[in-house]
Amino acid sequence: MDERFFAEWFGGFDAGLEKMDIEECSRLFAKCALRCSCDALKNLYRDLFDECGGDLDKFFTRVNEKKDVDGKVLEPGSVYELIFTKCGCPLHTQAGVKSNRLCECSRQSMICVFKNLVPQRNFKIECVESVLSGGEKCRHIITFDK
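Residues numbered from 1 in each chain as written. Predicted model: local features only at pLDDT ≥ 70, side-chain atom pairs only at ≥ 80, totals over all residues. Heavy atoms only, no water.

**Some remarks on the overall build of the protein**
Stage number 1. Along the backbone of the protein there are five helices and four strands.
Stage number 2. For the protein, the N- to C-terminal ordering of α and β elements is α-α-α-β-β-α-α-β-β.
Stage number 3. Whereas a compact globule of 146 residues would reach a radius of gyration of roughly 15 Å, the protein reaches 16 Å, a difference of no more than 12%.
Stage number 4. With the C-alpha coordinates of the protein rotated into their principal frame, the extents come out at 50 × 25 × 25 Å.
Stage number 5. Among the 146 residues that make up the protein, the fraction classed as buried is 39%.
Stage number 6. Sequence separation of at least 24 residues holds for 53% of the intrachain contacts in the protein that already meet a minimum separation of 6.
Stage number 7. Carbon and sulfur atoms form 51% of the exposed surface of the protein, whose accessible area is close to 8600 Å².
Stage number 8. Within the protein, one finds 22 positive and 24 negative side-chain charges whose respective centroids are separated by 2 Å. (Helix = DSSP H or I, 4+ residues; strand = E, 2+ residues; numbered from the N terminus. Rg over C-alpha atoms; globule rule 2.2 N^0.38 Å. Buried < 20%, exposed > 50% of the residue type's maximum accessible area, 1.4 Å probe, protein only. Contact = heavy atoms within 4.5 Å. Areas by Shrake-Rupley, 256 points an atom, 1.4 Å probe, with all protein chains shown as cover. Lys, Arg positive; Asp, Glu negative; His and termini not counted. Charge placed at Lys NZ, Arg CZ, Asp CG, Glu CD.)

**Section: the sheet that holds strand β4 (residues 138-144)**
Stage number 1. Pairing in this open sheet of four strands is antiparallel, and the strands run β1-β2-β4-β3 from one edge to the other. Two strands close off the open sheet at either side, each with one partner strand: β1 (69-75) and β3 (123-129). Averaged over all neighbouring strand pairs, the angle between strand axes comes to 20°, with direction disregarded.
Stage number 2. Bridge analysis of β3 against β4 gives six bridges, and the strand direction is antiparallel. (Pairing = 2+ DSSP bridges. Axes fitted to C-alpha atoms, helices over the stretch in contact; angles between N-to-C directions.)

**Observations regarding unusual backbone geometry**
Stage number 1. Unusually for a residue other than glycine, Asp-68 sits at a positive phi of about 65°.
Stage number 2. Turning to its location among the elements, Asp-68 is positioned in the loop between α3 (56-62) and β1.
Stage number 3. On the basis of relative accessibility, which here comes to 28%, the residue Asp-68 falls in the partly exposed class.

Structure representation (structure tokens):
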């Protein structure tokens, strides 16, 4: 298929995302997020989490050792911030999708990662800033139940 086809297809996809609510986006991106999270888990988070002995405070303090990621401990043991210094999603960087609804895929991916790393803890993840919403970076607050 030619570039024009993909440009038009992803343009339509981008426009369609804008018409979806968060629940619809969550369902759409659940499988995509699962695939991305498997790669991120293998290549980015699992080894570091293990090196930190499963300690979330240490993990979020050291995650900045990874490329394009930063972390902060907001409340020890329960509230953290995960920051991506740029949008690395290929749907944005290579296919030109610009809808901030795409950020739900990132949130879903983080849900998969943390369900795998700390399956015994309940948590919620909120996107508070994103590149696709005009921010300088992508910031997520992760709150674990105590």
